Amino acid sequence: MDDRPIGVFDSGIGGLTVLKEITEQLPGEDIVYFGDTARIPYGTRSKETVIKYVLQSFRFLMTKDIKAIVIACNTASALAMEEAQKEFDIPIIGVIEPGAKAAVSMTRNSKIGVIGTEGTINSQSYQRKIRKMLPSGEIIGVACPLFVPIVEEGWENSDVAYMTAKKYLLELKEHNIDSLVLGCTHYPVLRYTIDKVLEGKVTLVNPAYETAKAVKALLKENNLLSSKLDGGVQRFYVSDDPEKFKRIGGNILRTEIVSIEKVDIEKM
Ligand code: DGL
């Protein structure tokens with residue numbers, strides 16, 4: 001048993017979709033969340049920059065006596081997981097592997113779509129992981145950069161979201177995919193719109209949910225589960241003004257964010 005908190009990291013607010021799944025599956029765990037809101041988006045940045053930001057963010061989380069780190073951000077998992085694992089001696093889990101595994105287990109026709117930021121799709125991280133497990137598979141990746149701002153505006157169920165999704169997902173529809181990895185923290189919020197565009201014919205894989213399952217297994221395996229069965233406490237840290245995070249974040253979590261502080265991340 002280990003009652004220290006889990007560190008959850010994201011480029012901003014989207015990682016709350018992962019935090020939400022973790023609190024549902026592991027309600028006794030305390031969580032320290034860091035969202036790098038001053039430097040979001042990561043999805044359009046170079047690998048070097050993302051690595052630098054991730055290492056700084058981890059240095060901050062390590063000051064909070066955490067027992068493991070979850071990289072909730074798909075872009076950061078895709079571009080900086082290896083470097084983070086080299087630099088920090090703590091169990092680290094990203095979203096790519098759990099998401100890829102679930103897609104492979106769910107597909108029936110071996111045609112899998114992956115959507116994410118430009119950084120995630122161009123890195124080929126999901127595509128490579130899936131291909132390794134399913135060499136005969138057809139994997140089609142599409143970057144959907146407008147989805148993040150749509151979700152941050154709270155427009156996930158609007159006409160704008162529907163039209164945008166229709167355009168991005170056309171190629172995937174034409175390839176007759178039967179499963180689609182929602183490879184970005186914000187995309188589970190758009191699942192109803194995505195499902196509507198795909199006419200309910202495609203299984204949507206939510207890496208946030210799959211990652212929470214993997215976190216539970218990892219803690220169990222390493223004897224790191226909290227002794228509490230519920231009542232886990234969440235503390236939030238951000239690198240920019242906490243107010244926006246509180247407002248949009250409260251919407252994603254469907255509960256008020258109480259404990260939140262600003263951090264000067266450039267100092268780390
Ligand atoms: N959190 C990022 C991801 O999952 C999306 C936002 C960003 O571009 O930083 O890829």
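Per chain, residues are indexed from 1 in the order of the written sequence. Where totals are concerned, whole chains, interfaces and linings use all residues; where local detail is concerned, this predicted model gives features only for residues with pLDDT of at least 70, and gives and counts side-chain atom pairs only at 80 or more. Side-chain calculation: all heavy atoms of the structure are included, whereas hydrogens and water are not.

(A) Spotlight on the overall build of the protein chain. In DSSP terms, a helix is any run of H or I states spanning at least four residues, a strand is any run of E spanning at least two, and both are numbered starting from the N terminus. When helices and strands are tallied, the protein chain shows 11 helices and 10 strands. For 268 residues, the compact-globule formula gives about 18 Å, and the C-alpha radius of gyration of the protein chain, at 18 Å, lands near that figure. When its C-alpha atoms are laid out on the principal axes, the protein chain stretches across 50 × 40 × 35 Å. Per-residue burial for the protein chain yields a buried fraction of 57% across its 268 residues. With the model as given, the accessible surface of the protein chain reaches about 12,100 Å², and the carbon-plus-sulfur share is 49%. Atoms counted for the radius of gyration: C-alpha only. Globule rule: 2.2 Å times the number of residues to the power 0.38. Here's how the labels work: a residue is buried when its accessible area is under 20% of the maximum for its type, exposed when over 50%, partly exposed in between, all with a 1.4 Å probe on protein chains only. Surface accessibility in these figures is a Shrake-Rupley result with a 1.4 Å probe; residues are shielded only by whichever protein chains are displayed.

(B) The site of the ligand, seen in detail. Taken together, 13 residues lie near the ligand, and Ser11, Tyr42, Gly43, Thr75 and Thr185 sit nearest. Polar contacts, as counted here, are pairs of nitrogen or oxygen atoms within 3.5 Å of one another; within protein the pair requires one atom able to donate a hydrogen and one able to accept it, and residues that are adjacent in sequence qualify only if both atoms are side-chain atoms. The contact in question runs from an oxygen atom of the ligand to an N or O atom on the backbone of tyrosine 42, over 2.7 Å. When the ligand is considered free in solution it has 290 Å² of accessible area, and contact with the protein chains removes 99% of it. Amino acids are sorted into nonpolar (Ala, Val, Leu, Ile, Met, Phe, Trp, Tyr, Cys and Pro), charged (Asp, Glu, Lys and Arg) and polar (every other residue, Gly among them). Looking at side-chain class alone, the shell around the ligand contains 5 nonpolar, 7 polar and 1 charged residues. Throughout this document, a residue counts as near a molecule or strand when at least one of its heavy atoms sits within 4 Å of that molecule or strand.

(C) Here's a closer look at the pairing of strand β2 (residues 31-35). A large share of β2 lies buried, amounting to 5 of its 5 residues. The two faces of β2 match: Ile31, Tyr33 and Gly35 on one face and Val32 and Phe34 on the other face are all buried. Looking at chain direction, strand β1 (residues 6-10) and β2 are connected through 5 bridges and run parallel. The residue bridging isoleucine 6 from the neighbouring strand is isoleucine 31, located in β2. Crossover handedness is defined here as right-handed if the route from the first strand over the helix to the second strand goes clockwise, with the strands pointing away from the viewer. Where the polypeptide runs from β1 across helix α1 (residues 16-25) and back to β2, its parallel neighbour, the crossover connection is right-handed. DSSP calls a pair of strands paired once it identifies at least 2 bridges connecting them.

(D) Up close: the pairing of β1. Counting buried residues along β1, 5 of its 5 residues qualify, which places the element largely inside the surrounding structure. Neither face of β1 is left uncovered, since the one carrying Ile6, Val8 and Asp10 and the one carrying Gly7 and Phe9 both have all their residues buried. Taken together, the 4 bridges between β1 and strand β3 (residues 68-71) define a ladder with parallel strand orientation. Its bridge partner lying in β3, valine 8 is registered against valine 70.

(E) Spatial organisation of the environment of glutamate 210. Inspection of the secondary structure puts glutamate 210 in helix α10 (residues 207-221). Owing to a relative accessible area of 11%, glutamate 210 belongs among the buried residues under this scheme. Taking the C-alpha atoms as reference, glutamate 210 lies 7.0 Å from alanine 102; in sequence the two are 108 residues apart. Setting aside residues up to four positions removed in sequence, glutamate 210 forms contacts with Pro98, Gly99, Ala102 and Met106. Note on definitions: a residue-residue contact is assigned when non-hydrogen atoms from the two residues lie within 4.5 Å.

(F) Fine view of the side chain of glutamate 156. The residue glutamate 156 is located in the loop between α7 (147-152) and α8 (159-174) in this model. Working convention for charge: Lys and Arg count positive, Asp and Glu count negative, and His plus the chain ends are omitted. For this analysis, a salt bridge means a side-chain nitrogen from Lys or Arg found within 4 Å of a carboxyl oxygen belonging to Asp or Glu. For the buried residue glutamate 156, which engages in no salt bridge, the nearest side chain bearing the opposite charge is arginine 254, 5.5 Å off. Among residues more than four places away in sequence, those in contact with glutamate 156 are Ile150, Val151, Ala161, Val189, Leu190 and Thr193.

(G) Up close: the packing of aromatic side chains. Note on ring pairs: Phe, Tyr and Trp rings are taken, using the six-membered ring of Trp, and paired if centres are within 6.5 Å. Classes follow the plane angle, with under 30 degrees stacked, over 60 edge-to-face and the rest tilted. For the structure shown, the criterion picks out 12 aromatic pairs. Seen from their ring centres, tyrosine 33 and phenylalanine 236 are 5.8 Å apart, and the 50 degrees between their planes marks the pair as tilted. Here the residue tyrosine 33 occupies a position in strand β2, and phenylalanine 236 occupies one in strand β9 (residues 234-238), the gap between them amounting to 203 residues. By relative accessible area, which is 0% here, tyrosine 33 ends up buried. Both rings, one in tyrosine 42 and one in tyrosine 53, keep their centres 5.5 Å apart while their planes meet at 45 degrees; by these two values the pair is tilted. Placement of tyrosine 42 in the loop between β2 and α2 (47-62) and of tyrosine 53 in helix α2 is noted, with a sequence separation of 11 residues between them. Here tyrosine 42 matches tyrosine 53 in class, with each residue buried. Taken together through their ring pairs, the aromatic side chains of Phe9, Phe34, Tyr42, Tyr53, Phe58, Phe60, Phe88 and Tyr237 make up a single cluster. Sitting above the plane of the tyrosine 53 ring, arginine 39 keeps its charged end 3.8 Å from the centroid. Two conditions define a charge sitting above a ring: the NZ of Lys or the CZ of Arg must be within 6 Å of the ring centre, and it must be within 35 degrees of the ring normal.

In short, geometric facts, not functional conclusions.
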